[in-house]
Amino acid sequence: AQSVTQLDSQVPVFEEAPVELRCNYSSSVSVYLFWYVQYPNQGLQLLLKYLSGSTLVESINGFEAEFNKSQTSFHLRKPSVHISDTAEYFCAVSPGRRGAQKLVFGQGTRLTINP
Amino acid sequence: GAVVSQHPSRVICKSGTSVKIECRSLDFQATTMFWYRQFPKQSLMLMATSNEGSKATYEQGVEKDKFLINHASLTLSTLTVTSAHPEDSSFYICSARVLAGSSYNEQFFGPGTRLTVL
């Protein structure tokens, strides 16, 4: 079984400041890792994912996350945030094998960008 | 591409009534759909996995007789909350898994349905 811990329930930052949202996971098998973003009263949108290969993955809107197997982490970072980044961010994990289905989500981190 | 819709987006009902929520994959075929429940300021909890043409698989602690799931086609799954009570009030989100030959099949999420039971 897998589990995900997002250590920060809320992260307030000023616009154009850097941000890191922390995610740690637990699993006895190899995993796929994901970050999803949820805007108010909306469903989830995939931000980025790690399946295999390079441990650093990037999204089209400037976010990046690095898979660290030894620390079982997949922290999300952005060097300079924008007001529009205000949202809830969820880290998720699934077994890293063909046909794997279930996603296990962390508790979520509410990112608030202040002007 | 890969759009998932849910209907209705919002529903208010009286205690004791049943409510049906639809989840559709608009531009792809989904052999598997998932139903999640999200309480305010909390994470998504998987309720059940719905496979087209077969019975849904429910997670531990989810009452199958209360949350009826039907996956009649490759583009439609429905969740019916039977005899709804105020504690069933929540945000229900579905996702659909793309049918593909790759090693990983991404889930695409619907916009969610907010259910309020009075």
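Our subject is the structure listed above.
The rules behind the values
Going along each chain's sequence as written, the residues are numbered from 1 onward. Chain A is the first chain written and ligand 1 is the first ligand written, with later ones labelled in order. Local features in this predicted model are restricted to residues of pLDDT 70 or higher, and side-chain atom pairs are both shown and tallied only at a pLDDT of 80 or more, whereas totals for entire chains, interfaces and linings draw on every residue. By convention in this description, side-chain values take in all heavy atoms of the structure and omit both hydrogens and water. Going along the chain from the N terminus, every DSSP run of H or I of four or more residues is numbered as a helix, and every run of E of two or more is numbered as a strand. What the globule rule says is 2.2 Å times the number of residues to the power 0.38, and the radius of gyration is computed from C-alpha atoms. The buried label goes to any residue with under 20% of its type's maximum accessible area, the exposed label to any with over 50%, and the partly exposed label to all in between, with areas taken from a 1.4 Å probe on protein chains only. Residue burial considers only the protein chains on display, and all accessible areas are found by Shrake-Rupley using a 1.4 Å probe. For the purpose of counting charges, residues Lys and Arg are taken to be positive, whereas Asp and Glu are taken to be negative. His and the chain ends are not included. In plain terms, the charge of a residue is placed at NZ if it is Lys, CZ if Arg, CG if Asp and CD if Glu. Here the rule is simple: two strands pair whenever DSSP picks up at least two bridges between them. We call two residues in contact whenever any of their non-hydrogen atoms come within 4.5 Å of each other. Throughout, the accessible surface (probe 1.4 Å) given up by two parts as they are put together, summed over both, is called the buried area. Salt bridge, as used here: a side-chain nitrogen of Lys or Arg that lies within 4 Å of a carboxyl oxygen of Asp or Glu. Definition of a polar contact: a pair of N or O atoms within 3.5 Å, with one able to donate and the other able to accept a hydrogen when the atoms are protein atoms, and with sequence-neighbouring residues admitted only if both atoms are side-chain atoms. Residue polarity follows a fixed list, in which Ala, Val, Leu, Ile, Met, Phe, Trp, Tyr, Cys and Pro are nonpolar, Asp, Glu, Lys and Arg are charged, and the others, Gly among them, are polar. For the purposes of this analysis, a disulfide is any pair of cysteine sulfur atoms at a distance within 2.5 Å. Structural elements are reduced to axes, namely lines fitted to C-alpha atoms, with helices fitted over the stretch in contact, and the angle between N-to-C directions of any two is expressed from 0 to 180 degrees.

1. As for the overall build of chain B
In terms of regular secondary structure, chain B is built from zero helices and 11 strands. Scanning chain B from its N terminus toward the C terminus, one meets helices and strands in the order β-β-β-β-β-β-β-β-β-β-β. Relative to a compact globule of 118 residues, whose C-alpha radius of gyration would be 13 Å, chain B shows 14 Å and is just as compact. Seen along its three principal axes, the alpha-carbon backbone of chain B occupies a region of about 45 × 25 × 25 Å. Split into buried and exposed, the 118 residues of chain B put 50% on the buried side. Of the roughly 5700 Å² of accessible surface on chain B, 53% is carried by carbon and sulfur atoms. Between the averaged position of the 11 positive side-chain charges in chain B and that of its 9 negative side-chain charges there is a distance of 6 Å.

2. Description of the pairing of strand β11 (residues 113–117) of chain B
Across a regular strand the side chains alternate sides, sitting on one face of the sheet and then on the other. Residue and element names in this part refer to chain B. Burial along β11 is one-sided: the residues T113, L115 and V117 are buried and none of R114 and T116 is. Sheet topology places strand β2 (residues 10–13) next to β11; four bridges connect them, and they run parallel. What sits directly across from I12, in β11, is T116. In this structure, strand β9 (residues 90–98) lies alongside β11, joined through three bridges in antiparallel fashion. For Y92, the partnering residue across the bridge sits in β11 and is T113.

3. So, the interface of chain A and chain B
Facing the 22 residues of chain A at the interface are 25 residues of chain B. Summed over both partners, the interface of chain A with chain B buries about 1800 Å², with 51% contributed by carbon and sulfur atoms. In this structure, the connection of chain A to chain B is made through two salt bridges. At the boundary of chain A with chain B, the tally comes to four residue pairs in polar contact (both at pLDDT 80 or more). With four residues, the top contributor of residues to the side of chain A that touches chain B is strand β5 (residues 31–38) of chain A. Residue composition of the side of chain A that touches chain B, grouped by class: 10 nonpolar, eight polar and four charged.

4. Examining the pattern of salt bridges
Residue and element names in this part refer to chain A. Applying the stated criterion to the full structure yields eight salt bridges over all chains. With a shortest N-O distance of 2.9 Å, D8 and R22 are connected by a salt bridge. With D8 in the loop between β1 (3–5) and β2 (10–14) and R22 in the loop between β3 (19–21) and β4 (24–26), this pair connects stretches of sequence that are 14 residues apart. Given the relative accessible area of 31%, R22 is considered partly exposed.

5. Thoughts on the state of the cysteines
This structure, assessed with the given rule, holds two disulfides over all chains. Two residues share a disulfide in this structure: C23(A) and C91(A), whose sulfurs sit 2.0 Å from each other. Of note, the bridge from C23(A) to C91(A) carries an S-S torsion of about -65 degrees and is left-handed in sense. Placement of the pair is C23(A) in the loop between β3 and β4 and C91(A) in strand β10 (residues 87–95), with a sequence separation of 68 residues. With respect to burial, C23(A) and C91(A) carry one shared label: buried. With no disulfide of its own, C13(B) has C94(B) as its nearest cysteine by sulfur position, at a separation of 18 Å. Look at C13(B) and you get buried, because its relative accessible area is 9%.

6. What to know about the sheet that holds strand β7 (residues 67–73) of chain B
Backbone-to-backbone hydrogen bonds pair the strands of a sheet. The strands run either parallel or antiparallel. Residue and element names in this part refer to chain B. The strand order across the open sheet built from four strands is β1-β3-β8-β7, with neighbouring strands paired in antiparallel fashion. Strands with a single pairing partner mark the edges of an open sheet, and in this sheet they are β1 (4–7) and β7. With direction set aside, neighbouring strand axes in the sheet form an average angle of 15 degrees. Pairing analysis gives four bridges linking β1 to strand β3 (residues 19–25), with the strands arranged antiparallel. Its bridge partner lying in β3, S5 is registered against R24.

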